[in-house]
Every structure is written in C-alpha cells, then in structure tokens.
Amino acid sequence: MAGGNERSMKALKEVWKRAENSLCADCGKPDPDWASSTLGVFICLNCSGIHRNIPSISKVKSLKMDHWDDAQVQFLAKHGNAVTKAIYEAHIPIYYYQPTYNDCQVLREQWIRAKYERKEFTEPGKQLPYSDGVKEGILWKRGRDNGQFLPRKFLLSEREGCLKYFTKQDAKEPKISVKIDVINATFQPEKIGNPNGLQITYLKDNKTRNIFVYHESGKEVVDWFNAIRSVQFHYLKVAFPIASDNEIKNRLTRNFLKEGYMEKTGPKQREAFKKRWFTLDHRRLMYFKDPLDAFAKGEVFVGSGENGYRVQKGLPSGTQGNFSWHYGITIVTPDREYLFTCETESDQLEWIRAFTSVINQAMTPQEYASKCLDAVSFPS
C-alpha cells in the first residue's frame, strides 16, 4: 500500500511539473497547488474556493495535503491545463475579459462559471447574453448628490453606439446618452461597498464623469461589463478598419493604474496641502474630494519622458506649503511642477512606479491631441 502511495505521488509530481500546469488554469497565478479531480485542471487556492462552490462540476483537492489515487492521477495526466483549456476555452469572444489573479472575486467567479458550468465557450457562434449588440435592464445607481443607490433602467445599443440610463422605468427620454467610444468600465467593489460594484466613467466636455452601479446578481453585472466591451469592440472595428483585433482589444475597458489618497498643494506651491483621492487612468491624473464623487475637481495630463515629463522622489527644497505627510513626489511637466505627499514610503514608491510606467511609454497621436489637458487648472 505504501509503495502504491509513493508511486502515485511520484506520478502526480511529474504531471504537476509540466510547463502547461505551472500557472493556474483560471487566473494565471504561478505555482498552483490545487487541482480539480473532475476537470483535470491545476488551480490556485483562491480559484479552488470558487470551484468548491460548484460541486456538481468540480471536485478539488490539495496537491500537497490530500491523497490522490492512481485513477485520479491518471485522469490529471490525461488532461491537464492545456487539454482542458482547449475544450472549455475553445471559442472565447475576443472582447471577453479574461480576469487574472489581481482581479476581483466577481470577475473570477463568473469567468470560472462561464467556462465550466455554463460552457459558454465550447461551441462556435453560440448566442451569449452579452453578444447581442443590445442590452437593457435595471442597475442600482448611486445618486450624484444624495449618495443613495436607486434602481435605474440602462440601455446599451450597438446600433446607436451609446449607453443610456433613465431615471424612471417608463421615461421616454434618457437622463444621459453617452457615446460608447468615450466609456470605460472597471470593477470597484471596495470603493463602492458592494462585491458587484462597477464604476462606469465617460468623458463629457473633455472631463471625466463617474457613475457607480451594482446588481445583486454577479452574473448580470459581469454580463453588462462584457456587453459594453462587445459593443465597443464592434464600434471600433468600424471606426478603425485597418486595426487588428488585438489592437482594438487593447483599447477596450481598462483598470486604473493606481488609486489612493495623497496630499496636494496649489499652483503657487505656498498653499496648505490638502488630502484628496487620486485616480491615475493612464495619462489622466484626476483628484476628488471623495472617492465616490461624480466629477473630478482637477485633472493633469501625464505625458512621456521624451516630451519633458518626469517624476521625482521628494519635494523641491524650500517648499512652503504646510503638509502633514512627509513622503513627497514631484511631477515635472513642460509648464510647471505638481507637488504631492504620501502617508507612507510604500505609497510613495507605488505612485512613483505608476507614474514612471506612464512616462516611459511613447505618446500616441490621440494622446498628443488630448495634451491640451495639461493646461487644465489644478485648484486646491
């Protein structure tokens, strides 16, 4: 019996060491140490918890702590991540967002359920709830002034190329109608205070407007997210006919590079530093008095190093404004310097890394066109 256990463990380790099984099959996290004995995939601890919630589909076991019999090991050897992905990920729409281990729970759970439970990607041309080019339904939207979440009707239309929402179910005219090419959507469960919280942003008069929504159903809110990406993708295919599918995919919804509190001072650099919530959305650095504000109080364009932008650790000597946080950052632009302070050194270093990643990228023609934002006032 002991010899059989040793043989099984040796065979298990050999399958486990295959290059295809070195990353979690669902989120890409390195060194997965769990596996599904019914699906044949190697997964990380977090994804194993999601699999455990769909026991009719997946039975999970630890590769280190649990016993694996010969039949289970042979099943893993026959399948593994590559074979199983070829079945369950055979026909993923290019616009569908495939989450990583850095993404929130609702995205990862619905991705796993879409693959194995609903089998959305096993057949070509399958009709999917986010692929129709139109989506209508109720989302709970946060009021701009009172902060209450109330049910609102939303309508997404590929034919019209826009997203609308209505304050009343039977309203004829929408409260807003936003062109699909100026929309971004990103999950913000912690900020919104709901595990299915979604932040929709759009440009209005070259300034960013935020809408915060959620739905009780994780599937429904992720379907909305991918429906937005689907409509964007098809809109951009028409607008940029020579662009490749991957180029267009990279222009769909994006996560913010960095968010958090910093202190800032005004353009004269003698005013007291004030604590504000900052969002770095690629080259847009926006700040808000409150993380759930609908509009930014100011924006700064962060260009590339070859155009005279750089980030420096610390503040210029002789900075006069009073500040309570002592880990300074200076953003240098061709026109002026912007001064910030962080509460901790780790915050400072994370912000510097985020700014550096943007500054090190060459600017696109579209970004040159939006460079006028660098002249936007950055009041206190």
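Residues numbered from 1 in each chain as written. Predicted model: local features only at pLDDT ≥ 70, side-chain atom pairs only at ≥ 80, totals over all residues. Heavy atoms only, no water.

A. Looking closely at the overall build of the protein. Scanning the protein from terminus to terminus reveals 10 helices and 17 strands. When the 380 residues of the protein are sorted by exposure, 49% land in the buried category. Of the contacts formed within the protein by residues at least 6 apart in sequence, a portion of 54% connects residues at least 24 apart. Side-chain charges in the protein split into 56 positive and 46 negative, and the spacing between the mean points of these groups amounts to 3 Å. (Helix = DSSP H or I, 4+ residues; strand = E, 2+ residues; numbered from the N terminus. Buried < 20%, exposed > 50% of the residue type's maximum accessible area, 1.4 Å probe, protein only. Contact = heavy atoms within 4.5 Å. Lys, Arg positive; Asp, Glu negative; His and termini not counted. Charge placed at Lys NZ, Arg CZ, Asp CG, Glu CD.)

B. Expanded view of the packing of helix H5 (residues 105–117) against helix H7 (residues 218–239). Where H5 meets H7, the closest approach of the two axes is 10 Å, and the angle between their N-to-C directions is 90 degrees. Classed by the angle they form, the pair H5 and H7 counts as roughly perpendicular. In this structure, H5 uses Val106, Leu107 and Gln110 to contact H7, whose residues at the interface are Gly218, Lys219, Val221, Val222 and Phe225. For the contact of H5 with H7, the residue count by class is five nonpolar, two polar and one charged. (Axes fitted to C-alpha atoms, helices over the stretch in contact; angles between N-to-C directions. Parallel < 35°, antiparallel > 145°, perpendicular 65-115°, else oblique. Nonpolar A, V, L, I, M, F, W, Y, C, P; charged D, E, K, R; others polar.)

C. Looking closely at the UniProt feature "domain: Arf-GAP" (unreviewed entry) in the protein. Per the UniProt record, the feature "domain: Arf-GAP" (unreviewed entry) sits at residues 6–129. A helix fraction of 40% and a strand fraction of 6% characterise residues 6–129, whose end C-alpha atoms lie 48 Å from each other. (UniProt positions renumbered as here; feature names shortened; annotations may be inferred.)

D. Highlighting the sheet that holds strand E2 (residues 42–43). Taken in spatial order, the three strands make up an open sheet running E2-E1-E3, and their pairing is antiparallel. The outermost strands of the open sheet, each flanked by one partner alone, are E2 and strand E3 (60–62). Two strands pair when backbone bridges link them, and strand E1 (residues 34–36) and E3 are joined in this way by three bridges, in the antiparallel orientation. When the bridges of E3 are listed, Ala35 appears paired with Lys61. (Pairing = 2+ DSSP bridges.)

E. Here's a closer look at the sheet that holds strand E9 (residues 198–204). Reading across from one edge, E7-E6-E5-E4-E10-E9-E8 is the order of the seven strands in this open sheet, with antiparallel pairing throughout. Lying at the two open borders of the sheet, with one neighbouring strand each, are strand E7 (176–179) and strand E8 (183–187). With direction set aside, neighbouring strand axes in the sheet form an average angle of 35 degrees. Sheet topology places strand E4 (residues 134–142) next to strand E5 (residues 149–157); nine bridges connect them, and they run antiparallel. Bridging from a neighbouring strand, Leu139 pairs with Arg152 of E5.

F. Looking closely at the state of the cysteines. Applying the stated criterion to the full structure yields zero disulfides. The cysteine Cys44 is free of any disulfide, with Cys27 supplying the nearest cysteine sulfur at 3.7 Å. (Disulfide = S-S within 2.5 Å.)

G. Expanded view of the packing of aromatic side chains. With the rule as written, the count across this model stands at 19 aromatic pairs. With centroids separated by 5.4 Å and ring planes inclined at 50 degrees, the aromatic side chains of Tyr96 and Tyr130 adopt a geometry described as tilted. With Tyr96 in the loop between helix H4 (80–88) and H5 and Tyr130 in the loop between H5 and E4, the pair connects residues that are 34 residues apart, well separated along the chain. Where Trp111 meets Phe121, the ring centres are 5.8 Å apart and the plane angle is 40 degrees; that geometry is what we call tilted. Highlighted residues: Trp111 in helix H5 and Phe121 in the loop between H5 and E4, separated in sequence by 10 residues. The class for Trp111 is buried, based on a relative accessible area of 3%. What makes Phe121 buried here is its relative accessible area of 0%. In this arrangement the basic side chain of Lys61 is found over the ring face of Trp68, its NZ or CZ atom lying 4.8 Å from the centre. It is Arg251 that lies over the ring of Phe240; its NZ or CZ is 4.5 Å from the centre. (Phe/Tyr/Trp six-rings, centres within 6.5 Å; stacked < 30°, edge-to-face > 60°. Lys NZ or Arg CZ within 6 Å of the ring centre and 35° of its normal.)

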